[in-house]
Amino acid sequence: MPENYLIDGFEKRLVNMQAEILAMARKFYPASPDNAKDLAQETMLQILTERKSYKEESNFKGWVYTLMSHIFVDDMRRDVLGATAAIPDLETEDPVTPENQLLSQDLLNAIHAMPAEQQETFLLYLDGYSGKEIAERLHVPEGTVKSRLHNVRLRLKGNWGG
């Protein structure tokens, strides 16, 4: 390492958190160590890329978890839709609470358990597309989109007793 290269506080936090980042990634991909490693690496790269957007007074671990969640959902969308979709920033004080982690994992499990047509429709809906736009994109009647979203709502309500 060159003598003039100094590691600042941000980089120290990141280096110290590497094992924890991999542990977080394993929660997203419990059955796939390779995917978990890829997610951890993508997250580390995204952390360095987005460094300027981090606010010192913010919860670093929460910020990292939010970035990782976005990457995971982007990857899932890419798998389901065959294309990358942008994810809006989450405005939360501390997204890494035990309750939020359980809820996130439950939601991800519920989404993975959905039939592919419902996943695709639901993810487009989450991206902000209207029923009509989703129908046009998927080349199905608008009524089919409404039916799929209704079934998704029933499935999600069933998971949380709603």
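Above this text sits the structure in question.
A few points on the structure.

Procedures and definitions
Residues numbered from 1 in each chain as written. Predicted model: local features only at pLDDT ≥ 70, side-chain atom pairs only at ≥ 80, totals over all residues. Heavy atoms only, no water. Phe/Tyr/Trp six-rings, centres within 6.5 Å; stacked < 30°, edge-to-face > 60°. Buried < 20%, exposed > 50% of the residue type's maximum accessible area, 1.4 Å probe, protein only. Lys NZ or Arg CZ within 6 Å of the ring centre and 35° of its normal. Salt bridge = Lys/Arg side-chain N within 4 Å of Asp/Glu carboxyl O. Helix = DSSP H or I, 4+ residues; strand = E, 2+ residues; numbered from the N terminus.

## Considerations on the packing of aromatic side chains
- Counted under the stated rule, the structure contains three aromatic pairs.
- An angle of 90° between the planes, with centres 5.3 Å apart, marks the rings of Tyr54 and Phe60 as edge-to-face. Here Tyr54 and Phe60 have matching classes, each one buried.
- When the centroid spacing of 5.0 Å and the interplanar angle of 50° are considered together, the rings of Tyr54 and Trp63 count as tilted. Judged on exposure class, the residue Tyr54 and its partner Trp63 are both buried.
- Counting every residue linked through ring pairs, the aromatic cluster contains Tyr54, Phe60 and Trp63.
- Its guanidinium or amino end placed over the ring of Phe60, Arg13 lies 5.0 Å from that ring's centre, counting from NZ or CZ.
- The side chain of Arg153 reaches across the aromatic face of Tyr125, ending 5.8 Å from its centre.

## Some thoughts on the pattern of salt bridges
- Scanning the model with the defined rule gives two salt bridges in all.
- Ionic pairing is found between Glu11 and Arg51, a salt bridge with its closest N-O pair at 3.5 Å. Of the two residues, Glu11 sits in helix α1 (residues 9-16) while Arg51 sits in the loop between α3 (33-49) and α4 (60-81), which places them 40 residues apart along the sequence.
- When the shortest N-O distance is used, the salt bridge between Lys61 and Glu20 registers 2.8 Å. Taken together, the residues Lys61 in helix α4 and Glu20 in helix α2 (residues 18-28) connect sequence positions 41 residues apart.
- Under the relative-accessibility criterion, Lys61 is labelled partly exposed at 32%.

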